[in-house]
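Chain by chain, the residues run as shown.
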Amino acid sequence: MKAVAVSGLRVRAGRREIITDLSCAAEQGDFLAVIGPNGAGKTTLLKVMAGLISPASGELRVLGRPLAAYSRRQLAATVALVTQQLNPDFPFTVEETVLMGRAPHLGLLERERRHDFDIARQAMAFTQVDHLAARRLDQLSGGERQRVMIARAICQQPRIMLLDEPTAALDPAHQLAIMQLLHRLLKAEGMTVIMVSHDLNLAAMFAGRVLLIKEGRGLAIGPPEEILTPDYLRQAYGCSMYVDRHPLGGTVRVSLVAENDHSLCKAVSTPVD
Amino acid sequence: MLFQSHSSLSRRLLFIVPLLGLILLLSMVASLLEGSSGLGIADVLASFSGGGGKAAVVQTILWRIRLPRAVLAAAVGATLSLGGLVFQARLGNPLAEPYILGISGGAAVGAILGMFFGLAMFPGVTLLAFAGAMLVMATVLLLARTRGGGRSDFLLLAGVMLNAFCSACIMFLLSLSRGSQVQHILFWLMGDLSMAEPGRLWLLLPLPACFFLILILARPMNLLLTGQESAAALGVHVQRLTWVLLGTTSFMVSLVVSQSGLVGFVGLLVPHFFRLLLGPDHRILVPACILGGGAYLVLCDLLARALPAGGEMPVGVITALVGAPLFVFLLWRSRT
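Residues numbered from 1 in each chain as written. Chains lettered and ligands numbered in written order. Predicted model: local features only at pLDDT ≥ 70, side-chain atom pairs only at ≥ 80, totals over all residues. Heavy atoms only, no water.

## Here we look at the interface of chain B and chain A
Buried accessible area, meaning the area lost when the parts come together, often serves as the stated size of an interface. Formally: Contact criterion: two residues are considered in contact whenever any of their non-hydrogen atoms come within 4.5 Å of each other. In this description, buried area is defined as the sum, over both parts, of the accessible area (probe of 1.4 Å) that is lost when the two are combined. By convention in these notes, a salt bridge is any Lys or Arg side-chain nitrogen within 4 Å of a carboxyl oxygen on Asp or Glu. Pairs of N or O atoms are called polar contacts if they sit within 3.5 Å, as long as, within protein, a hydrogen donor faces a hydrogen acceptor (for residues adjacent in sequence, only side-chain-to-side-chain pairs). Secondary structure elements are defined from DSSP: runs of H or I of at least 4 residues count as helices, runs of E of at least 2 residues count as strands, and each element is numbered from the N terminus. Each residue is assigned to one class: nonpolar for Ala, Val, Leu, Ile, Met, Phe, Trp, Tyr, Cys and Pro, charged for Asp, Glu, Lys and Arg, and polar for all the others, Gly among them.
Between chain B and chain A, the contact holds 31 residues from the first and 32 residues from the second. Taken over both partners, the interface formed by chain B and chain A buries close to 2700 Å², and the fraction arising from carbon and sulfur atoms is 61%. For the pair chain B and chain A, the interface holds three salt bridges. Run the count over chain B and chain A and you get seven residue pairs in polar contact (both at pLDDT 80 or more). Of all the elements in the fold, those that place two or more residues in the side of chain B that touches chain A are helix H1 (9-32), helix H9 (218-225) and helix H10 (228-233) of chain B. The element best represented in the side of chain B that touches chain A is H9 of chain B, accounting for five residues. Here the residues of the side of chain B that touches chain A are counted per class, giving 13 nonpolar, twelve polar and six charged.

Set out below in structure tokens:
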């Protein structure tokens, strides 16, 4: 049974078609990175998977069940979405924010019990924000806040976690920390992780599979070394990129090339392996 | 932030609710003991111990004039505060207040039309005010439903525009009014609790049900504060929640506005005051706004009756006179 299976997906916003024809799937326990140029429909795809946008047509199954068969709350208990929203006018504390992840598991009149507090505490410990529990969200750094939002998503106890550019606006050390955190989550909890990212190298290092989309269409899906090739990348992004292997560990490494740099352009045209 | 800590929700509620309840009770008792008839504590106490024509008069003033007025003040204060809290949460805007969707404008046009044609305060003016408020509010909500789609500021802008249109209508009606009519209208526009009458208090009966409904929705409201998409991702039906919250709030605010005129500032000040004091959790803020907002308006009404020698001033003057500086002070404090 696939964690998420999408086929023939079409999404419209007004008259504009954002996703024209997209099919893809993620196995349970997969780490899928969704990459592609700005406006390709990556975030829209995540929102469709989280049930925030309803598609014009196409089929979407979550754990084998059609998305439409889930109630809002059931879906929230199965799929968690991590975005970068923050409303600084209404500052909750870290603990209050993480506890909100229990909402899909609680009835309207039900209050959080010890069990829920335990789950929240574990989630905070897992993302290493437990020492910040009493701090207000607007007093945190970007990296800390991102870890809090991931803790909230863990607290939802989902089978699938969707993340929209979780490393954007973070310094390299924090980028690495977040990615390692997701990797541990996948290993420890068997969670399926689907992440939209512009960072091709982080995707190559951590994702098991990469989905490349452009103009609302799936261009290719597969292991990083099959998708992150100069040809595919030029097709998707319209610019040359130099691809080789990371000197340590041997994962695929993508480097940008300035257009007028002839010495490098030559290297790009010759396949490297 | 005072009182905002790890301590569990129920422990905080057990501290805050009785405290604010006591303050509300005390302010209502104080309000019973003060009025334009010069009746003091001694008279009131004497009237209980019995006998005489004076005791009967005192008892009448107490139960037929002052008590209805205190109850109306508490209900109006609670409703406007809660209304402000809800609108600030749903519109994601800290400056939203209960009149934002055109409720004040619609109610005022209705009420002033009634006064202009010399209708009685009840049912004529009251009903027209209620109808006007509900009409404008329904227009805004329908507009938002059909055209507003994803724009979060649509409700806000539509409400502001309809209020501006209503203001023009009010000015027009005012310019046609004469003499005592004008003062009557002005008092209504500034909020006037002297219209309270025991025979009309049943009109406030739907309020507890509205309060209860909003209390139930406190957790989804918390989630809404983190953003509409984030709330939806946590299992909240944002559309459904919006209609229930805005519908309920608009209904209860229209109801009290039709009874009291436009009492300003309560819905802005009280939710902010408690948010700064107690943090953003609506499971605490909803009861705090109901009890504290009620107490605040009862006390303002007390001042409105006690300050001017002989006679009284509209309570809206006091809520703004006390509220505006307090609000500025709170803002200044929260920045440092």
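## Points about helix H4 (residues 114-126) of chain A
All names here are of chain A. Test applied: Multiplying one less than the number of residues by 1.5 Å gives the expected span of a helix. Only protein chains enter the area calculation, which uses a 1.4 Å probe; residues under 20% of their type maximum are buried, those over 50% are exposed, and those in between are partly exposed. The arc refers to the directions leading from the helix axis to the C-beta atoms.
When the terminal C-alpha atoms of H4 are compared, their 18 Å separation across 13 residues agrees well with the 18 Å that a helix rising 1.5 Å per residue should span. When H4 is considered as a whole, its buried residues turn out to be Asp 116, Ile 119, Ala 120, Ala 123, Met 124 and Phe 126. Taken down its axis, H4 places every buried residue within 160 degrees of arc, on the same side. Away from the buried face of H4 by more than 90 degrees, exposed residues Arg 114 and Gln 122 are located. One or two residues past the end of H4 sits Gln 128, with phi positive at roughly 60 degrees.

## Describing the packing of aromatic side chains
Spelled out, the test is: Only rings of Phe, Tyr and Trp enter the pairing, Trp through its six-membered ring, and a pair is recorded when the two centres are within 6.5 Å. The plane angle decides the type: under 30 degrees is stacked, over 60 is edge-to-face, the rest tilted. Counting as a charge over the ring demands two things of the Lys NZ or Arg CZ atom: a distance within 6 Å of the ring centre and an angle within 35 degrees of the ring normal.
Scanning the model with the defined rule gives four aromatic pairs over all chains in all. When the centroid spacing of 5.3 Å and the interplanar angle of 75 degrees are considered together, the rings of Phe 273 of chain B and Phe 274 of chain B count as edge-to-face. Of the residues examined, Phe 274 of chain B reaches a relative accessible area of 6% and is grouped as buried. Judged by centre distance (6.1 Å) and plane angle (40 degrees), the ring pair of Phe 329 of chain B and Trp 332 of chain B falls under tilted. You can see Phe 329 of chain B and its partner Trp 332 of chain B sitting in helix H14 (residues 315-335), three residues apart, about one turn around the helix. Between the NZ or CZ atom of Arg 65 of chain A and the centre of the ring of Tyr 70 of chain A, over which it lies, the distance is 4.4 Å. Over the ring of Phe 126 of chain A we find Arg 184 of chain A; its NZ or CZ atom is 4.6 Å from the centre of that ring.

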